[in-house]
Every structure is written in C-alpha cells, then in structure tokens.
Amino acid sequence: MAAYLVVDTKISNPEEYEAYKLQAKPIIEKFGGIYRARGGDMDTMESDLWAPTRIVIVEFTDMQTARNFVNSEEYAPVKKIRRANAECTFLLVDGV
C-alpha cells in the first residue's frame, strides 16, 4: 500500500533552502519517491486546525520505504539543511 510523506514548510532562508531541495530530490528518487505536489498554488478551504504554508507530498511504495528514506544516512545531512532554514510539519501517512 502506498504511503505519503506530507510536509508543510515555512522557509526562513530561501537561498539556503534551494540547496536542500536540490540535494533531497535525488535521495527521494533513490528510495522510489515520486513528488505529487511540491510547493504549488494552494486554495485553503478550511483551516480550523492548521493553516498550511507550503505543501510537499511525496508518494512512496509503502510506509517502510518512506521511513527508510526519512531515517537514511544519505538524508541525514540534508535534513540538517532543512531544519536550519525552515520550520516544518513532517509526517507520513498510509494510503488507501
């Protein structure tokens, strides 16, 4: 069953965050991840619990593969770039 990485990002340093995007993409792809949304236009219809900023959605083949990406040695230094240049809500969810 597919699993999705959903990230809402408030970028504080856009120039440095570009380095994150460039480095994260090939690692995501190495783990079979496919971008389904990547910071495109949003139309927030309701926001009782949360007001999203910039949404990224990546599809993986399953939850374990998504976890393997998130916890991989390859992603660890790239994750530091993200954390230094943005605030995020970062979650994995099973597909249907």
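Above this text is the structure in question.
Here the structure is a predicted model, which means the values were calculated and not measured.

(A) Focus on the sheet that holds strand 2 (residues 34–38). One open sheet accounts for four strands, arranged 2-3-1-4; its pairing is antiparallel. Sheet topology places strand 2 and strand 4 (86–94) at the edges, where each strand pairs with a single neighbour. Taken over all neighbouring pairs, the strand axes of this sheet differ in orientation by 15° on average, direction set aside. With nine bridges connecting them, strand 1 (residues 3–11) and strand 4 associate as antiparallel partners. By the bridge assignment, A3 is partnered in strand 4 with D94. On the sheet, helix 2 (residues 63–70) packs against strand 1, strand 3 (55–60) and strand 4 and is oriented at approximately 155° with respect to strand 4.

(B) Up close: the packing of aromatic side chains. Within this structure, the stated rule accounts for five aromatic pairs. Each ring, one from Y17 and one from Y20, has its centre 5.1 Å from the other, and the planes form 40°; the classification is tilted. One end of the pair, Y17, and the other, Y20, are both in helix 1 (residues 14–30), three residues apart, so they sit about a helical turn from each other. Comparing Y17 with Y20 shows no difference in burial state: the two are buried. Arranged with centres 5.6 Å apart and planes meeting at 25°, the rings of F60 and F69 form a pair that is stacked. This pair shows no difference in class: F60 is buried, exactly as F69 is.

(C) View of the environment of K30. Structurally, K30 can be placed in helix 1. Residue K30 is classed as exposed on the basis of its relative accessible area of 57%.

(D) Representation of the environment of G40. By the element assignment, G40 lies in the loop between strand 2 and strand 3. Distance from G40 to E87, taken between C-alpha atoms, is 18 Å for residues 47 residues apart in sequence.

(E) Summary view of the nonpolar core. Counting 20 residues, the largest nonpolar core has Y20, F60, F69 and Y75 as the members making the most contacts within it. The set of elements that each furnish at least two residues to this core consists of strand 1, helix 1, strand 3, helix 2 and helix 3 (76–85). With five residues, the top contributor of residues to this core is helix 1. Among all residues touching F69, those that are not within four sequence positions of it are L5, I27, I28, F31, F60 and Y75.

About the cut-offs
- Residues numbered from 1 in each chain as written.
- Predicted model: local features only at pLDDT ≥ 70, side-chain atom pairs only at ≥ 80, totals over all residues.
- Heavy atoms only, no water.
- Pairing = 2+ DSSP bridges.
- Helix = DSSP H or I, 4+ residues; strand = E, 2+ residues; numbered from the N terminus.
- Axes fitted to C-alpha atoms, helices over the stretch in contact; angles between N-to-C directions.
- Contact = heavy atoms within 4.5 Å.
- Phe/Tyr/Trp six-rings, centres within 6.5 Å; stacked < 30°, edge-to-face > 60°.
- Buried < 20%, exposed > 50% of the residue type's maximum accessible area, 1.4 Å probe, protein only.
- Core = buried A, V, L, I, M, F, W, Y, C linked by side-chain atoms within 4.5 Å.

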